[in-house]
Amino acid sequence: MKHSALACLLSVLATIPSHAGPAESAIVAVMKLPDAANYSWVTAVDDDARSYEIVGQTDRATNYSLVTMPMVSAVRRRTSRSSSTVDNQATVIFKGDEQFVLQTDDGWKKPEEVFPAGDQRGGRGGYPGGGFPGGGMGGPRGRGRRGGSGGGGSPFPNEDGSNPAPAYSNLQKTLSRPHEEIGIIVAGYTDLKVEDGVVSGPLNETAAKLLLVHAGQDEITPLTASGTFRLWVKDGVLQKYETKLEGTLAIETAAKARHEVTVHQRSTTTVKDIGTTKFEVPEEAKKKLGK
């Protein structure tokens, strides 16, 4: 679906008249990002279970992205001999959106080398907590943690005194890069308005689903989704954007069981160093990714 959404961009942009107003001009400005050779970004996410950050750099020519993102404690223990329980961040190199290697104390490893298929300590797909680097059930939202792996129930009991199920975190093991998300937003908005210099509007259901569940997450199916977006543009360049999403997901567990969860997610992405971002990809990582 992501590719079909991006294919709609040309037809969308073709409908913007030459005498476009502020909202339409902002859309044209943000579309410079998908055309950029490289860029850096920081995404801050708040969902039902946790708050966390994803910090990344992307080079479009090579299709590599260097990313720092949260992982569950079980994965951290497999990648680092450090006894620290504070730093649950992983350094990951992606080739595209789905193929990646992890930096470990013993070099760069593919995910199946960290948790081989059939490892019973892993969650769905062999990764603890429901997916690398952290999806699945999270802890109470009120703890204000970043990058934690969660666990435990809600601090607010049900009316009958029972403890509700832990909140679900929508952190996934594949990547959703800003230039792709902007493409989905531009292809999927249903209305635009400008207020205090910020362009905003609602998203159609297809766009909301694409933003809520990344490509490659075959164990997660978006059943319903809705959302809104906001864009900040300065001097004809995208500075940051925000999406607010909610929906119902069908989750398939490692035991092939299927359950539904309701999710709410707010993401704010700041984009910088467009066209000037540079980073090195180690040869070992390239070899693991098949260059």
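Scroll up to find the structure this text is about.
A short tour of the structure in this document, coming up. (Residues numbered from 1 in each chain as written. Predicted model: local features only at pLDDT ≥ 70, side-chain atom pairs only at ≥ 80, totals over all residues. Heavy atoms only, no water.)

Considering the environment of Tyr52
We count it as follows: Numbering of helices and strands runs from the N terminus; a helix is a DSSP stretch of H or I covering at least four residues, while a strand is a stretch of E covering at least two.
The topology assignment puts Tyr52 in strand β2 (residues 51-59). Between the alpha carbons of Tyr52 and Leu171 there is a distance of 8.9 Å; along the sequence they are 119 residues apart.

Some thoughts on the packing of aromatic side chains
Selection criterion: Only Phe, Tyr and Trp rings are paired, with Trp represented by its six-membered ring, and only when their centres lie within 6.5 Å; those with planes under 30 degrees apart are stacked, over 60 edge-to-face, the remainder tilted. When a residue's accessible area, from a 1.4 Å probe over protein chains only, is under 20% of the maximum for its type it is buried; when over 50% it is exposed; and in between it is partly exposed. Any Lys NZ or Arg CZ found within 6 Å of a ring centre and within 35 degrees of that ring's normal is scored as a charge over the ring.
Applying the stated criterion to the full structure yields three aromatic pairs. Geometrically, the ring pair formed by Phe94 and Phe100 is tilted, given 5.2 Å between the ring centres and 45 degrees between the ring planes. This pair shows no difference in class: Phe94 is buried, exactly as Phe100 is. Taking NZ or CZ as reference, Lys95 lies 4.3 Å from the ring centre of Tyr64, over its face.

Some remarks on the pairing of strand β3 (residues 64-70)
Note on strand geometry: in a regular strand, side chains alternate between the two faces of the sheet. Heads up, the condition is: Strand pairing is assigned whenever DSSP identifies at least 2 bridges connecting the two strands.
Summarising burial for β3: five of the seven residues are buried, a large majority. Taken together, β2 and the strand that follows it, β3, pair antiparallel across an intervening segment of four residues, in which Asn63 is found at a positive phi of about 70 degrees. The sheet contact formed by β3 and strand β4 (residues 89-95) spans seven bridges and is antiparallel. Paired with Pro70 across the strands is Gln89, a residue of β4.

As for helix α7 (residues 178-188)
Among the 11 residues of α7, 10 are classified as buried, and the element is accordingly described as predominantly covered. When we look at burial in α7, the residues that qualify are Pro178, His179, Glu180, Glu181, Ile182, Gly183, Ile184, Ile185, Val186 and Gly188.

A closer look at the pattern of salt bridges
Quick note on the threshold: We define a salt bridge as a contact between a side-chain nitrogen of Lys or Arg and a carboxyl oxygen of Asp or Glu at a distance within 4 Å.
Tallying each qualifying case throughout the model produces seven salt bridges. Here Arg177 ties to Glu180 by a salt bridge, and the two come within 2.9 Å at their closest N and O atoms. Take Arg177: its relative accessible area is 4%, and that puts it in the buried class. Judged by its relative accessible area of 6%, Glu180 is buried. Taken together, the shared-partner salt bridges in this structure form one network comprising Asp97, Arg177 and Glu180.

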